[in-house]
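Chains, contacts and geometry: an overview
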Amino acid sequence: MGPTPLIIYLAIGFFVFAIVRALVQWVRRRMQLRKWAKAPQRDVSALADTGDAAFKHEVVKVGGTLKPEHRRLVLRDNRLLPKPPPDPNQRRWPPPPKPKYLTEAEADRLFGPSLRTRNRDVMDLAADPAQLERYGLPVWKTEADLSAALSLTIGQLRHMSQHRHRETTAHYVTFAIPKRSGGERLIHAPKRRLKKVLRTLDRLLVSRLPRSEYAHGFVKGRSVATNAAPHVGKAVVLHFDIKDCFPTIHYGRVRGLLIALGYSYPVAAGLAVLMTESPRQPVAAEGKLYHVPTGPRVCVQGAPTSPGLCNAVLMRLDHRLAGLARKHGFVYTRYADDLTLSGDDATKIAKLMKLVPVIVAEEGFAVNRDKTRILRAGRRQAVTGVVVNKTMGLSRQERRKLRAALHKQKLAGAAGDMSEQRRLQGKLAYLFMLNRGQASALGWRQASKRG
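Residues numbered from 1 in each chain as written. Predicted model: local features only at pLDDT ≥ 70, side-chain atom pairs only at ≥ 80, totals over all residues. Heavy atoms only, no water.

Moving on to the overall build of the chain. If you tally the helices and strands in the chain, you get 19 helices and 12 strands. Counting across all 451 residues of the chain, residues that qualify as buried make up 42%. Taking the intrachain contacts of the chain between residues at least 6 apart in sequence as the baseline, contacts between residues at least 24 apart amount to 66%. Summed over its atoms, the accessible surface of the chain is roughly 26,400 Å², and 56% of this surface lies on carbon and sulfur atoms. (Helix = DSSP H or I, 4+ residues; strand = E, 2+ residues; numbered from the N terminus. Buried < 20%, exposed > 50% of the residue type's maximum accessible area, 1.4 Å probe, protein only. Contact = heavy atoms within 4.5 Å. Areas by Shrake-Rupley, 256 points an atom, 1.4 Å probe, with all protein chains shown as cover.)

In this section: unusual backbone geometry. Although it is not a glycine, serine 151 sits at a positive phi angle of roughly 60°. In this fold, serine 151 is placed in the loop between helix 6 (143-149) and helix 7 (154-160). Here the phi dihedral of glutamate 286 falls at roughly 60°; this positive angle occurs in a residue that is not glycine.

Interpretation of this model should avoid reading the predicted coordinates in detail wherever pLDDT is low. For the chain, the average pLDDT comes to 85, and 86% of its residues sit at 70 or higher. Within the model, the stretch residues 42-69 combines pLDDT values under 50 with 62 contacts to residues more than four positions away or in other chains. Note that residues 447-451 has pLDDT below 50 and, in this model, 3 contacts with residues that lie over four places away or in other chains. (pLDDT = per-residue confidence, 0-100.)

Let us look at the packing of aromatic side chains. Where two aromatic rings form a pair, the distance of their centres and the angle of their planes describe that pair. Within this structure, the stated rule accounts for 3 aromatic pairs. Measuring from centroid to centroid gives 6.1 Å for tryptophan 140 and tyrosine 263, while their planes differ by 35°, and the two rings are tilted. Pair noted here: tryptophan 140 is in the loop between helix 5 (129-134) and helix 6 and tyrosine 263 is in the loop between helix 11 (251-261) and helix 12 (265-274), with a separation of 123 residues, a long-range link. Arranged with centres 6.0 Å apart and planes meeting at 55°, the rings of tyrosine 214 and tyrosine 332 form a pair that is tilted. One end of the pair, tyrosine 214, is in the loop between helix 8 (192-204) and helix 9 (224-228); the other, tyrosine 332, is in strand 8 (residues 331-335), and 118 residues separate them in sequence. The side chain of arginine 253 reaches across the aromatic face of phenylalanine 365, ending 4.4 Å from its centre. (Phe/Tyr/Trp six-rings, centres within 6.5 Å; stacked < 30°, edge-to-face > 60°. Lys NZ or Arg CZ within 6 Å of the ring centre and 35° of its normal.)

Here is the key point about a regular strand: its side chains alternate between the two faces of the sheet. Inspection of the sheet shows strand 3 (residues 172-178) paired to strand 4 (residues 184-190) by 7 bridges, in the antiparallel sense. If you follow threonine 174 over to strand 4, its bridge partner there is histidine 188. In sequence, strand 3 turns back onto strand 4 through a hairpin of 5 residues, with glycine 182 there showing a positive phi of about 105°. (Pairing = 2+ DSSP bridges.)

Here the focus is the sheet that holds strand 10 (residues 373-376). Working definition: the strands of a sheet are paired by backbone hydrogen bonds and lie parallel or antiparallel to each other. The strand order 8-9-5-10 describes an open sheet built from 4 strands, whose pairing is antiparallel. Single-partner strands in this sheet number two, and they are strand 8 and strand 10. Within this sheet the neighbouring strands show an average axis-to-axis angle of 20°, counted without direction. In the sheet, strand 8 pairs with strand 9 (residues 338-343) via 5 bridges, with the strands oriented antiparallel. Pairing of arginine 334 across the sheet is with leucine 339, part of strand 9. (Axes fitted to C-alpha atoms, helices over the stretch in contact; angles between N-to-C directions.)

Over its 13 residues, helix 14 (residues 315-327) extends 18 Å from the first C-alpha to the last, a length consistent with the 18 Å expected when each residue adds 1.5 Å. Listed as buried for helix 14 are Met315, Leu317, Asp318, Leu321, Ala322, Leu324 and Ala325. As for helix 14, its buried residues are in contact with helix 13 (306-313), strand 8, strand 9 and helix 15 (349-362). Two residues or fewer past helix 14, glycine 329 is found with a positive phi of approximately 80°. (Expected span 1.5 Å × (residues − 1).)

All right, on to the side chain of histidine 216 then. By the element assignment, histidine 216 lies in the loop between helix 8 and helix 9. A polar contact of 3.0 Å, which involves the side chain of histidine 216, links it to the side chain of threonine 226. (Polar contact = N/O pair within 3.5 Å; in protein donor to acceptor, adjacent residues only side chain to side chain.)

Running from N to C, helix 11 and helix 12 cross one another at 140°; their axes reach a closest spacing of 8 Å. Comparing their axes, helix 12 and helix 11 come out oblique. Both helix 11 and helix 12 take part in a crossing whose hand is right-handed. Here helix 11 contributes Tyr251, Val254, Arg255, Leu258 and Ile259 to the contact with helix 12, which in turn contributes Tyr265, Ala268, Ala269, Leu271, Ala272 and Val273. Of the residues that constitute the contact of helix 11 with helix 12, the class distribution is 10 nonpolar, no polar and 1 charged. (Parallel < 35°, antiparallel > 145°, perpendicular 65-115°, else oblique. Left-handed = near helix turned anticlockwise from the far one by under 90°. Nonpolar A, V, L, I, M, F, W, Y, C, P; charged D, E, K, R; others polar.)

Turning to the pairing of strand 6 (residues 280-285), a few remarks are in order. Looking at chain direction, strand 6 and strand 7 (residues 288-293) are connected through 6 bridges and run antiparallel. When the sheet's bridge partners are listed, alanine 285 is paired in strand 7 with lysine 288. The turn joining strand 6 and strand 7, which pair antiparallel and follow one another in sequence, is formed by 2 residues; a positive phi near 60° is taken by glutamate 286.

Below you can see the structure in the form of structure tokens.
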């Protein structure tokens, strides 16, 4: 009589457990059916026949660094759409293998550290040839097109455009040079093979990127003379400097710029990796020397493509500051990271000194307060080393030093140092570019004839 109630209790408990389990399974199945009914279905029929991606066409507004023609064609790759839930009406055991829409090599490249992104809407963007043609840029739809344009194989291209957390062979040589204002400036010089590729990219792509008419640095046909000419004879000259300009242009900005211009995500990301670099620290581990990144990838000083990318990224800032200057009767120019505004209305100084740093900050940069200057007509007004008080040229002290050096070289005659003579001729040629009258007064014609 003792164990009988225990058996009854166990039977009742097992029966209740079976009912609850069946009820839970029924509820789960109903939820799966509802989820399946609401889930978007992917059309991948083209994959079985051709092996290529089937694209849907839609026009969306993509944000970026460029204001005109922000609307571009977006081609969605169905292979990268979110996976639908399993069909509860076609349950099999064992479950069938999951279909593979990408090859192993494509998946490793697309989801590796070089191309990884959380934004799926950007990740599956394909090229927009019409947008690229409007900007006059080369139409590179895939990495194969890019590697062919650079005379590289796919393997060589990915070797140079791969971000690695443990790099065994660094692509850059880093060294420091002293700054005129104190401290050191780090220069990242690309090695021979990478420098050749970057120079080709600068010729084919970066030199064609849109830039504003207010940019005078690193632009063919423009110089410090064209940058200083609009500010000659103004009552007040305002000088601003962008703090750490190149390091602020990081990998994401370069990639976003190229995507907005019409490049596909893989091409834009590969180009961004190729044209940026991280600060690296040598670390010895596992019997090897690794170069480990210690910061984000940025445009580095020393790469041939960095100046052109700087001008393209700063185009919107140029237009905003030019509009601000024009509104208050001033003129605006930019040479690399030097911003200059000048005008005759001194009452606008306070407002401009307040608004310019705000606009620069809104564009993702910062003004170096230590290099901000207000230059009035009563003192020397210099724009990128060029005096602009009444006429454009060199200061009186610099011309006196140059005259003394020329006189010393003249007395030395044939026994003078040829390298010093060439240096002085170069300075005279520079002065002739700025002010022909000042150069002629120092004997430019005679010096040029002797050279």
